[in-house]
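# Structural overview
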Amino acid sequence: MTPNTIVGIIGSGAMGAGIAQVAAVAGHSVVVYDNNAAALDKAAANLKATLMKLQEKGKLTDAEAIIKRMSFTADLQGLAACGLIIEAIVERLDVKKSVFAQVEQVVANDCVLATNTSSLSVTSIAAACTDPSRVMGLHFFNPAPLMALVEVIPAIQTNADLIPQAKDLMQQWGKLPVIAKDTPGFIVNRVARPFYGEALRILDEGIADMATIDWAMTELGGFRMGPFTLMDYIGHDVNYVVTETVFQSFFYDPRYKPSFAQKRLLEAGWLGRKSGRGFYNYAQGAEILAPTKDEVLGKQIFERILAMLINEAVDALHLNVATAADLDTAMTRGVNYPKGLLQWCNEWGTAQCLEKLDELYHLYHEDRYRASPLLRKQAIGNKKIV
Ligand SMILES: NC(=O)c1ccc[n+]([C@@H]2O[C@H](COP(=O)([O-])OP(=O)(O)OC[C@H]3O[C@@H](n4cnc5c(N)ncnc54)[C@H](O)[C@@H]3O)[C@@H](O)[C@H]2O)c1
């Protein structure tokens, strides 16, 4: 993987097009393949328009040269000369496995095959290949040209030498790579689950309404968006499905249990902003819900969700999902949290954080609220996590 490597992108949707742009701007020749010719045409036109606009704004000087480096094909054979393939097609294991098995027949033996999957096992995608040692996860965030974080995920079969090479390449592309173990949700989609899940639980129990929970997390917590606004923004077809996949992949650990409130929205087709209605109603003239700005209630909500988030990050560290530095980078740069959760834990105090979790555990007697053994250990004498 060098600057001369031809990069192949499979799937020309939101992520594929974004990653193609990043690779081409970084100087690579890029081939974009999609089995849907209409999607391919749309992506080609949008990419050209985006690059010309960036040039008009003075953010690029060589848009035309970048466009010339990109080609688009509906024929898999078009990927034959690529040295790195990044797959960004529909999030279905059977479809991804079939595409990996096919593309492996087309490319050279030393071509690296990466998947942008959000929540599937990289190891099981790799298993579809004759040579699984060349398969890894490269998980970009949406929109790929703007979000710096990339999770680099070795499958258990991946040749270890490829990981520093992939990290270097991502840095050359101006990205911030972190290494994540091949476990459900990797770093961000695992550690962020309580931001949604605990907010939904608070709503389900009638402790506060969604506008109040959103207010608590933005005004008192410093998050850019409250959980309900964010879920509506991501879309329940994406956010709910990731939660459900992570829950199933963790053998139904109650920590990741989805909520009926969100499932019903999906069933109703109330997907969020994109469909005009989700938790909130985005129709013109619709009533805007006002939060109850009760500081005592707001603090309870914020501390409950924060304690659950911190516990998730600490447990990911405990289980060697990633290093402490990568865990904090992932949450600040992948989902723009105001602070890394391990740093937040140290500032709040491991003892305080444990006290909050134990309070919830004693109230509910649910495994969902069990503290990570690492948090419990460090809380003795209020020691820092790292
Ligand atoms: N959207 C996000 O926020 C996001 C973020 C990170 C990762 N991802 C992951 O990236 C992948 C793509 O997501 P997206 O949002 O870009 O999807 P998308 O629906 O926008 O695009 C998918 C594209 O893949 C094409 N496609 C589907 N099956 C194909 C096949 N068998 N062969 C060739 N092309 C095929 C479709 O025609 C479509 O153009 C998924 O694995 C998703 O989980 C998405």
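Definitions and cut-offs
- Residues numbered from 1 in each chain as written.
- Predicted model: local features only at pLDDT ≥ 70, side-chain atom pairs only at ≥ 80, totals over all residues.
- Helix = DSSP H or I, 4+ residues; strand = E, 2+ residues; numbered from the N terminus.
- Rg over C-alpha atoms; globule rule 2.2 N^0.38 Å.
- Buried ≥ 20, exposed ≤ 12 C-beta atoms within 10 Å, placed from the backbone.
- Contact = placed C-beta atoms within 7 Å.
- Near = placed C-beta within 6 Å.
- Nonpolar A, V, L, I, M, F, W, Y, C, P; charged D, E, K, R; others polar.
- Domains from an automatic or database assignment.
- Expected span 1.5 Å × (residues − 1).
- Axes fitted to C-alpha atoms, helices over the stretch in contact; angles between N-to-C directions.
- Parallel < 35°, antiparallel > 145°, perpendicular 65-115°, else oblique.
- Pairing = 2+ DSSP bridges.

### Some remarks on the overall build of the protein chain
Each helix and strand counted, the protein chain has 17 helices and 8 strands in total. Over its C-alpha atoms the protein chain spans a radius of gyration of 22 Å, differing by no more than 12% from the 21 Å that the globule rule assigns to 386 residues. With respect to the principal axes defined by its C-alpha atoms, the protein chain has extents near 60 × 50 × 40 Å. When burial is assessed residue by residue, the protein chain has 48% of its 386 residues classed as buried. A separation of at least 24 residues holds for 68% of the contacts in the protein chain among residues at least 6 apart in sequence.

### A short note on the site of the ligand
By nearness alone, 23 residues border the ligand, and Gly11, Gly13, Met15, Asn36 and Asn142 come closest of all. Elements supplying a minimum of two residues to the shell around the ligand: helix H1 (14-25) and helix H4 (93-106). The dominant element in the shell around the ligand, judged by the number of residues it contributes, is H1, at 3 residues. Across the shell around the ligand, the residue classes tally to 11 nonpolar, 10 polar and 2 charged.

### Focus on the domain arrangement of the protein chain
When the parts of a complex come together, some accessible area is lost, and that lost area is often used as the size of the interface. You can read the domains of the protein chain as domain 1 (7-179) and domain 2 (190-379). With centres defined by C-alpha atoms, the gap from domain 1 to domain 2 works out at 30 Å. Counting residues per element, the ones that place at least two in the side of domain 1 that touches domain 2 are strand E7 (149-154) and strand E8 (176-179). Top contributing element to the side of domain 1 that touches domain 2 by residue count: E8, with 3 residues. Broken down by class, the residue content of the side of domain 1 that touches domain 2 amounts to 7 nonpolar, 2 polar and 1 charged.

### Notes on H1
Taking 1.5 Å of rise per residue, the 12 residues of H1 would be expected to cover 16 Å, and the 17 Å separating its terminal C-alpha atoms lies within 8% of that figure. Within H1, 11 of the 12 residues are buried, which leaves it mostly tucked inside the rest of the structure. Every buried residue of H1 is accounted for by Met15, Gly16, Ala17, Gly18, Ile19, Ala20, Gln21, Val22, Ala23, Ala24 and Val25. Of the residues trailing H1, Gly27 is marked for its positive phi of about 110 degrees.

### Remarks on the packing of helix H8 (residues 193-204) against helix H11 (residues 236-249)
The axes of two packed helices give the description: the angle between them and the distance between them. Axis separation between H8 and H11 bottoms out at 11 Å; the angle between their running directions is 100 degrees. As the angle between them shows, H8 and H11 are arranged roughly perpendicular. Two secondary-structure elements touch here, H8 through Arg193, Tyr196 and Gly197 and H11 through Asn239, Thr243 and Val246. Its residues placed into classes, the contact of H8 with H11 shows 2 nonpolar, 3 polar and 1 charged.

### So, the pairing of strand E6 (residues 135-140)
Most of E6 is tucked away, with 6 of its 6 residues classed as buried. Every second residue of E6 is oriented toward a common face, with Val135, Gly137 and His139 on one face and Met136, Leu138 and Phe140 on the other, all of them buried. Here 3 bridges tie strand E5 (residues 112-115) to E6, and the two strands are oriented parallel to one another. When the bridges of E6 are listed, Leu113 appears paired with Val135.

### Description of H11
A rise of 1.5 Å per residue sets the reference length of H11, with its 14 residues, at 20 Å; its end C-alpha atoms lie 19 Å apart and thus fit the reference within 8%. Burial in H11 covers these residues: His236, Asn239, Tyr240, Val242, Thr243, Thr245, Val246 and Phe247. Buried residues in H11 make contact with helix H7 (188-191), H8, helix H10 (227-234) and helix H12 (260-268). Phi for Phe251, located one or two positions after H11, is positive at around 55 degrees.

### With respect to the sheet that holds strand E2 (residues 30-33)
With mixed pairing, 8 strands are arranged side by side in an open sheet as E3-E2-E1-E4-E5-E6-E7-E8. If you trace the sheet from one side to the other, it starts and ends with strand E3 (70-73) and E8, each paired once. Within this sheet the neighbouring strands show an average axis-to-axis angle of 25 degrees, counted without direction. By the bridge criterion, 4 bridges tie E7 to E8 in an arrangement that is parallel. Each residue of the ladder has a partner; that of Val150, found in E8, is Pro177. On the sheet, helix H14 (residues 324-334) packs against E7 and E8 and is oriented at approximately 135 degrees with respect to E8.

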